[in-house]
Amino acid sequence: MKGLLLTEMDMVIPFHDVDSMGITWHGNYLRYFEVVRCLLLDKLGYNYRTMQQSGYAWPIVDVQVKYVKSSTFDQKIKVFAAIVEWENRLRINYQIVDAQTNARITKGYTIQAAVDITTEELCFVTPEVFQEKIRRLLDVSQA
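Notes on the structure follow. Quick caveat: nothing in here was measured; it's all calculated off a predicted structure.

Below, the discussion takes up the environment of V115. By the element assignment, V115 lies in strand β7 (residues 115–116). Here V115 is in contact with G55, Y56, A57, P59, E120, E121, L122 and C123, once residues within four sequence places are set aside.

Printed below as a string of structure tokens:
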């Protein structure tokens, strides 16, 4: 998986996430995306609390999930996230794979847009506070 900033997490599919056939309920994949997205934003130094403190909300305006293969109760998986766009919106790509075989289970993306909390206006350019975090990351990767 490629991107400006990547992170991953390991997890085991819990019993409460599966249906009566032992298959992970499709809506839970979005929750897994959310958990790894929070880890990614923490790694960037611009998590949801920091976003709010900087005066911006970043609602999800688009989401796509492609279900490739089922996951099941007690299965060990890896969930990956990568920032791939940031100039005018924040796009994060995701991939979920079986931890033992690396077989792809699910992939997708979310798109978030900055909204000024005070005016409730959509920002058509990523706010400077976020651009600064990205510039620092780019400076480190080019050093």
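Next up on the list: the nonpolar core. Counting 31 residues, the largest nonpolar core has Y32, W58, I77, V79, I83, I96 and F130 as the members making the most contacts within it. Listed by contribution, the elements that provide at least two residues to this core are β1 (5–12), α1 (28–44), β4 (76–85), β5 (90–98) and α3 (128–142). The element that contributes the greatest number of residues to this core is α1, accounting for seven residues. In contact with I83, other than residues within four places in its own chain, are G3, L4, L5, L40, L44, L90, R91 and I92.

Across the 10 residues that make up β4, a large majority, seven, are buried. Sheet analysis places β1 next to β4, joined by eight bridges and oriented antiparallel. If you follow E8 over to β4, its bridge partner there is F80. With eight bridges connecting them, β4 and β5 associate as antiparallel partners. When the bridges of β5 are listed, A81 appears paired with Y94.

At N102, a position not held by glycine, the phi torsion is positive, near 65 degrees. With respect to the helices, strands and loops of the structure, N102 is situated in the loop between β5 and β6 (104–112). Backbone geometry places E120, a non-glycine residue, at a positive phi of 60 degrees. Here E120 shows up in the loop between β7 and α3.

Moving on, we come to the packing of aromatic side chains. Evaluation of the coordinates by the stated rule reveals seven aromatic pairs. Seen from their ring centres, F33 and Y94 are 4.2 Å apart, and the 5 degrees between their planes marks the pair as stacked. Of the two residues, F33 is situated in helix α1 and Y94 in strand β5; the sequence distance between them amounts to 61 residues. Comparing F33 with Y94 shows no difference in burial state: the two are buried. On the numbers, 6.3 Å between centres and 85 degrees between planes, the contact of Y46 with W58 is edge-to-face.

What follows is about the sheet that holds β1. Overall, antiparallel pairing links the five strands, which are arranged β1-β4-β5-β6-β3 in an open sheet. Only two strands of the sheet have a single partner each, and these edge strands are β1 and β3 (60–67). Between one strand axis and the next, the sheet turns by 15 degrees as a mean value, whatever way the strands run. Bridge count for β5 against β6 is eight bridges, and the pairing is antiparallel. Among the inter-strand pairings, N93 is bridged to a residue of β6, identified as Y109. Across the sheet, α1 is in contact with β1, β3, β4, β5 and β6; its angle to β1 comes to roughly 135 degrees.

Calculation criteria
Residues numbered from 1 in each chain as written. Predicted model: local features only at pLDDT ≥ 70, side-chain atom pairs only at ≥ 80, totals over all residues. Heavy atoms only, no water. Helix = DSSP H or I, 4+ residues; strand = E, 2+ residues; numbered from the N terminus. Contact = heavy atoms within 4.5 Å. Core = buried A, V, L, I, M, F, W, Y, C linked by side-chain atoms within 4.5 Å. Buried < 20%, exposed > 50% of the residue type's maximum accessible area, 1.4 Å probe, protein only. Pairing = 2+ DSSP bridges. Phe/Tyr/Trp six-rings, centres within 6.5 Å; stacked < 30°, edge-to-face > 60°. Axes fitted to C-alpha atoms, helices over the stretch in contact; angles between N-to-C directions.

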